[in-house]
Amino acid sequence: MSKANVSKRYAEALFQIGQEKSTSEQLEAQLQIVKEVFESNKQFVEFLAHPRISSDKKKEMIDQVFQQFSSDVRNTVKILVNRHNQQALPAIVNHFSALVNASNGIADATVYSVRALADEEKQQISNVFSQKLNLKRLNIENIVDTAILGGVKIKIGNTIYDGTIQGKLERIERNIVSAK
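Now for a quick tour of the structure. (Residues numbered from 1 in each chain as written. Predicted model: local features only at pLDDT ≥ 70, side-chain atom pairs only at ≥ 80, totals over all residues. Heavy atoms only, no water.)

1. With respect to the pattern of salt bridges
No. 1: Enumeration over the complete set of coordinates arrives at 4 salt bridges.
No. 2: Residues Lys-21 and Asp-72 are paired through a salt bridge, measuring 3.0 Å at the closest nitrogen-oxygen approach. Of the two residues, Lys-21 sits in helix α1 (residues 3-21) while Asp-72 sits in helix α5 (residues 71-82), which places them 51 residues apart along the sequence.
No. 3: Using a relative accessible area of 48% as the deciding quantity, one classes Lys-21 as partly exposed.
No. 4: Residue classification places Asp-72 among the buried residues on the basis of a relative accessible area of 14%. (Salt bridge = Lys/Arg side-chain N within 4 Å of Asp/Glu carboxyl O. Helix = DSSP H or I, 4+ residues; strand = E, 2+ residues; numbered from the N terminus. Buried < 20%, exposed > 50% of the residue type's maximum accessible area, 1.4 Å probe, protein only.)

Here you go:
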C-alpha cells in the first residue's frame, strides 16, 4: 500500500474517533506537536526505528514522551512505530488537519502575487472567497512570484482562480482563436 493511502486511512480513522468523542480539535493540536517532535528530534526517530530495540521499550518511550496526550494519539503513534510506518506521520497529521478544517468550514488558500500583500488585502480576499465558497474562514498564505506582471493567482484546494494580467491575456487570446 502506498504511503499516501496509509496516511489517508490513519487520518480518516483518527478523525472518525475524534468526531465520535468530540475531540477533533484537541487531537489536531496534539498531533501537530507530535509531528513537530518527529521532524525536529532525529535521535528520537532513530530510537523508534532501531531494529534491536524491543517493541515494548519503544511503546514505553512513546508513553513517557507523550504522557499528557490522549490515548488515541499515543496509540496511533505506537501502531505506526510497530508497523514501521512512522515516516507517514507528517502526512497523516496534514490530512487529519485538512479533515478537521473541512468539517469546520475552513479552507487554506495560497495567493501568488507580484508583491507581499498587506493584511487588509489578505482579509479582503479571504472575505470574498469565503462568501463565494460558503466557508466560515479562509486561511491565506501569500507567496511572492516576480513572474506575475500584475493581479493575483489564488489556489484553494485543487482549484486555481487566475486573476493575473497574463491569465486574462491568455483567455482573450483563446476567445479570439475560437471565434475564427
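2. Some thoughts on the environment of Thr-110
No. 1: Along the chain, Thr-110 turns up in strand β1 (residues 106-113).
No. 2: Non-local contacts of Thr-110, meaning those with residues more than four positions away in its chain, are made with Glu-141, Ile-143, Lys-153, Ile-154 and Lys-155. (Contact = heavy atoms within 4.5 Å.)

3. Some words on unusual backbone geometry
Excluding glycine, residues mostly carry a negative phi; peptide bonds, for their part, are mostly trans.
No. 1: One non-glycine residue, Ser-22, adopts positive backbone phi at about 55 degrees.
No. 2: Mapped onto the elements of the fold, Ser-22 is located in the loop between α1 and α2 (24-40).
No. 3: Non-glycine residue His-84 carries a positive phi angle of around 60 degrees.
No. 4: Relative to the elements of secondary structure, His-84 occurs in the loop between α5 and α6 (89-103).
No. 5: Taking the relative accessible area as the measure of exposure, His-84 reaches 53% and is therefore exposed.

4. Concerning the nonpolar core
No. 1: Judged by nonpolar contacts, the single largest core of 24 residues is most densely connected at Val-34, Phe-38, Phe-66 and Phe-96.
No. 2: For this core, the elements supplying multiple residues, two or more each, are α1, α2, α3 (42-49), α5 and α6.
No. 3: Among residues more than four places away in sequence, those in contact with Phe-96 are Ala-11, Leu-14, Phe-15, Ser-24, Leu-27, Glu-28 and Leu-31.
No. 4: Ranked by size, the runner-up nonpolar core spans 9 residues in total, among them Ala-109, Phe-129, Ile-154 and Ile-156. (Core = buried A, V, L, I, M, F, W, Y, C linked by side-chain atoms within 4.5 Å.)

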